[in-house]
Amino acid sequence: MTQRALDSSGEQTPGSSRPAMIDAGAELDPVHPVELPPSGHRATGLTTAEVAERVARGEVNDVPVRSSRSLTEIVRANVFTRFNLIIGVLWVIMLFVAPIQDSLFGFVIVANTGIGIIQEWRAKKTLDSLAVIGEAKPTVRRDGTAAEVSTHEIVLGDVIELGPGDKVVVDGTVAEADSLEVDESLLTGEADPVLKRPGDPVMSGSFVVAGGGAFTATKVGREAYAAQLAEEASRFTLVHSELRSGISTILKYVTWMMVPTAIGLIISQLVVKDNNFKDSVARTVGGIVPMIPEGLVLLTSVAFAIGVVRLGRKQCLVQELPAIEGLARVDVVCLDKTGTLTEGGMDITEVRPLNGSDEAYVHQVLRSLGSSDPRPNASLQAIIDAYPASQEAAWTVTDAMPFSSARKYSGAAFTETDGTPSAWLLGAPDVLLPDGDATLTEIEHLNEQGLRVLLLARVPGGELDAPDAADGAVPTALVVLEQRLRPDAAETLEYFAQQNVATKVISGDNAVSVGAVAGKLGLAGAENTLDARKMPTDPDDMATAMEQNAVFGRVTPQQKRDMVAALQSRGHTVAMTGDGVNDVLALKDADIGVSMGSGSEATRAVAQIVLLNNSFATLPSVVAEGRRVIGNITRVATLFLTKTVYSVLLAILVVCTQVEYPFLPRHLTLLSTLTIGVPAFFLALAPNKERAQPHFVRRVMRYAIPSGVIAATATFTTYLVARHHYTGPGALEAETSAATLTLFLTSMWVLAIIARPYTWWRIALVAAMGLGFLIVLVVPWLQDFFALKLVGTTMPWAAVGIAVAAAALLELSWRLVGRRFGA
């Protein structure tokens, strides 16, 4: 499972500095020192026998980074909760003092807990299987050959190869370096890549931005630096989200209200009222149980877990569960063009010699450049495909400069077949050419067609290391590349436009070329392009530029990071997608980082969401899943908390008026099942495309409080009227039945409001719940089982009339709240 690199406090924040730890990482194991190969010697790696010996000694990279909670942790988290404890104690009491129907609430809790365990176990299995698919496998040399192994199979002393985009998985010391540049910003906060030479330390959690090489593992397992910081980073978790923290806040308030109210109710029913002891206990428990919104946490867990399973079926790995929620809140998506809007591969459409250069000679230069880099990027791979290496007349590589997204070009020096030295650069024309160069006009026309253009330039003097090598380069040819558009990109961009999510294309390529590609895909505002070299550095001005333009070219990795921060400073929730090593910093700082499965190991490590199928078209599914979870939990939370409010208020009214509590546990179990439990389960899993809104607690409580107050007032009014209407034996049962009818009808109206906008299945759901209650009222044995029997006609119709008045008040209050605060 890939990890997210964290700072020393465990938080994902930039700018932390740990130079002391980095120096410490270079120390060798004092007990079993690691042999480093001589400088310039190719390390062959350990033998099979040496690997087995180290495994036997326990010198294995066995950090138990789990993608999810274990089964034991899942059971513990779902069973041992504060409210389960309270309800469990009350359930045991009821089993001794009342009929079984008054203990039904306990069986409901058992069923709910079982559902929660099963759903999270399903999510765990999905997450674990996807984690194996998405796991990066470093290339390790053993017995003189290179092979991919799982990260946890690395042993102390292994020689691990590195290339652009590879993440350093354990601490070590560089054994070989070929222009090896390592970005340690995720560990130190230092943005500039560090050039590594043989003997230099490398730290787990850093990644390669250019060049290649190999390093010898000197610290593995929990001793590795990143392992000490990130062991907990990739676990299945339901924390650190507004939804979960909001529910925790609500439960805290509920506990504060519940404890004194319950104490008052106990005193009132057991001490003040001289009733039958067992009946008093039953009615006391009946007043306490509904105060607990026990199903709210369950449904939130189930909704998240089912979200993981649904996305898993679409090959989407959610490395941090709140990312489902976070992406639903996104209002700006920043896309990297290459690998996101376009497929990874490219095709050469034309090579244009410049300044009278010989075409055959140019082809030979390109052929030699292709063979100079053992780890070519997509552009160089297209050149290799068009001009494969030939043993005949092959040039000898004397120096190489790998491509870097910071400098925008690569290079190589050769000894040609006749012994002539030459050096060449291949990269962005507008970086290698001075402003005003006539060739730039020609290139501009090609860029306007959405073509990618590279400049091949000769370095005078034949030395790549010259500080002004790029400044004095002589243009030799233009290499014109055509990028393959993703067939599903246009549809995905249209989806975001329809959902009012702004899309920003941020690329290292020429801005005009990127804008042309975006225009072909129908991106709104694609004509508003900006060259990032002209981007203002002031954060506020940068934020304005970001909001006014849609396409940005020639963006450096650090600028991508600054752009994300600028948007966030304006209150935007930003998602960043990418697959290249140049996207890592921005992915880490964005609210939600999304990586392609085929992307570099470093991008997969810092992203919260990995699209294993490499399909940008999967993103709408993730957004929709997040919106479904948040929107529906907001709906059902209102149902649960309405019940909590009216239960607390009813208990307070009972204590103040010194009357018997009107309900037995069986009554409220029936009401909760029909008006909350069953419908909430279906509503929590229904489609919902509304963009998530902030302030979850406020949005829920401003509807739940007036609804609960109205329901409690209407119910208690019916109860008091019924107490004056009925006398003699059986009066309390008749009073309870009338109050239950009012509470059911009022609660049903709350459900009917929450179920809007209506669809056929929502109407059927509400109707089925009403039919269920009607069946209880008319079937004799159900009447006896639930102790519900309407007596006479006057009081039942009065109960209905009071419920109708309550429904009118509910409609009025919801409309006033909606008009005052927004839906």
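The structure we're discussing is the one just above.
For every chain, the first residue of its written sequence is number 1, and the numbers climb from 1 along that sequence. In view of the model being predicted, local features appear only for residues whose pLDDT reaches at least 70, and side-chain atom pairs are presented and counted only at 80 or more, with totals across whole chains, interfaces and linings using the full set of residues. Each side-chain value is worked out from all heavy atoms of the structure, with water and hydrogens disregarded.

Undergrad: Can you tell me about the overall build of the protein chain, naming the residues and giving the values?
TA: In DSSP terms, a helix is any run of H or I states spanning at least four residues, a strand is any run of E spanning at least two, and both are numbered starting from the N terminus. When its secondary structure is counted, the protein chain shows 28 helices and 21 strands. Of all intrachain contacts in the protein chain linking residues separated by at least 6 positions in sequence, the fraction that spans at least 24 positions is 74%. Accessible surface, the protein chain as shown: approximately 32,700 Å² in total, 58% of it carbon and sulfur. Any two residues having at least one pair of non-hydrogen atoms within 4.5 Å are treated as being in contact. Computed by Shrake-Rupley with a 1.4 Å probe, the accessible areas treat only the displayed protein chains as cover when residues are assessed.

Undergrad: So, the sheet that holds strand β21 (residues 609–611): which residues are in play, and what are the values?
TA: Reading across the sheet, the eight strands line up as β8-β21-β20-β19-β9-β16-β18-β17 and stay open at both edges, with mixed pairing between neighbours. Looking at strand neighbours, the two that pair on one side only are β8 (316–318) and β17 (529–531), the edges of this open sheet. On average, each strand axis in the sheet is tilted by 20 degrees relative to the strand beside it, whichever way the strands run. In this sheet, strand β18 (residues 551–553) lies alongside strand β16 (residues 502–506) in parallel orientation, the contact comprising two bridges. Paired with isoleucine 506 across the strands is phenylalanine 552, a residue of β18. In this scheme, strands are said to pair when DSSP sees at least two bridges between them. Axis lines are fitted through C-alpha atoms, for helices just across the contact stretch, and the angle between N-to-C directions can take any value from 0 to 180 degrees.

Undergrad: Explain the environment of valine 480 residue by residue, including any values.
TA: With respect to the helices and strands, valine 480 occurs in strand β15 (residues 474–485). It is 8.6 Å that separates the C-alpha atoms of valine 480 and aspartate 347, two residues lying 133 residues apart in sequence. Not counting the four nearest positions on each side in its chain, valine 480 is found in contact with Asp347, Ile348, Thr349, Glu350, Leu446, Leu451 and Arg452.

Undergrad: Would you mind going over the pairing of strand β20 (residues 592–596) in detail, with residue names and values included?
TA: Within β20, five of the five residues are buried, leaving the element largely enclosed by the surrounding structure. One ladder, built from three bridges, connects β20 with β21; its direction is parallel. Paired with valine 594 across the bridge in β21 is isoleucine 609. Any residue under 20% of the maximum accessible area for its type is buried, any over 50% is exposed, and the rest in between are partly exposed; the area is computed with a 1.4 Å probe on protein chains only.

Undergrad: Which residues make up the pattern of salt bridges, and what are the values?
TA: A pairing counts as a salt bridge when a side-chain nitrogen of Lys or Arg comes within 4 Å of a carboxyl oxygen of Asp or Glu. One pass over the structure, following the stated rule, counts 22 salt bridges. Taking the shortest distance from any N to any O, the salt bridge between arginine 141 and glutamate 176 comes out at 2.6 Å. Of this pair, arginine 141 sits in strand β1 (residues 139–142) while glutamate 176 sits in strand β4 (residues 171–183), placing them 35 residues apart in sequence. Accessibility assignment for this pair places arginine 141 and glutamate 176 in one class, buried. Across the salt bridge formed by aspartate 509 and arginine 452, the nearest N and O atoms sit 2.9 Å from each other. Here the residue aspartate 509 occupies a position in the loop between β16 and α17 (511–520), and arginine 452 occupies one in strand β14 (residues 452–458), the gap between them amounting to 57 residues. On the basis of relative accessibility, which here comes to 7%, the residue aspartate 509 falls in the buried class. Salt bridges sharing partners connect three or more residues here, namely Asp430, Asp531, Arg533 and Arg554.

Undergrad: Hey, could you go over the nonpolar core for me, with residue numbers and the actual values?
TA: Definition used in this section: a nonpolar core is a set of buried Ala, Val, Leu, Ile, Met, Phe, Trp, Tyr and Cys residues joined via side-chain atoms within 4.5 Å. Of all hydrophobic cores here, the largest spans 126 residues; its most connected members are Leu327, Ile609, Phe616 and Phe773. Tallying contributions element by element places helix α22 (residues 619–657) first for this core, with 15 residues. With sequence-adjacent residues up to four places away left out, phenylalanine 773 is seen in contact with Leu670, Leu671, Leu674, Thr740, Leu741, Phe744 and Leu788. Val209, Leu530, Met535 and Ala602 belong to the second-largest nonpolar core, a separate cluster that totals 26 residues.

Undergrad: Tell me what's going on with the environment of valine 678, and back it up with residues and numbers.
TA: Here valine 678 shows up in helix α23 (residues 665–684). When the C-alpha atoms of valine 678 and methionine 769 are compared, they prove to be 8.4 Å apart, with 91 residues separating the residues in sequence.

Undergrad: Could you give an account of the packing of aromatic side chains, naming the residues involved and the relevant values?
TA: Two aromatic rings, drawn from Phe, Tyr or Trp (for Trp, its six-membered ring), form a pair once their centres lie within 6.5 Å of each other, and the interplanar angle then sorts them: stacked below 30 degrees, edge-to-face above 60, tilted otherwise. Overall, the coordinates contain eleven aromatic pairs when judged by the stated rule. Ring geometry for tyrosine 361 and tryptophan 395: centres 5.7 Å apart, planes at 50 degrees, overall tilted. Of the two residues, tyrosine 361 is situated in helix α12 (residues 359–372) and tryptophan 395 in the loop between α13 (378–386) and β11 (396–404); the sequence distance between them amounts to 34 residues. One aromatic cluster is present, built from ring pairs that chain together Tyr361, Trp395, Phe414 and Trp424.

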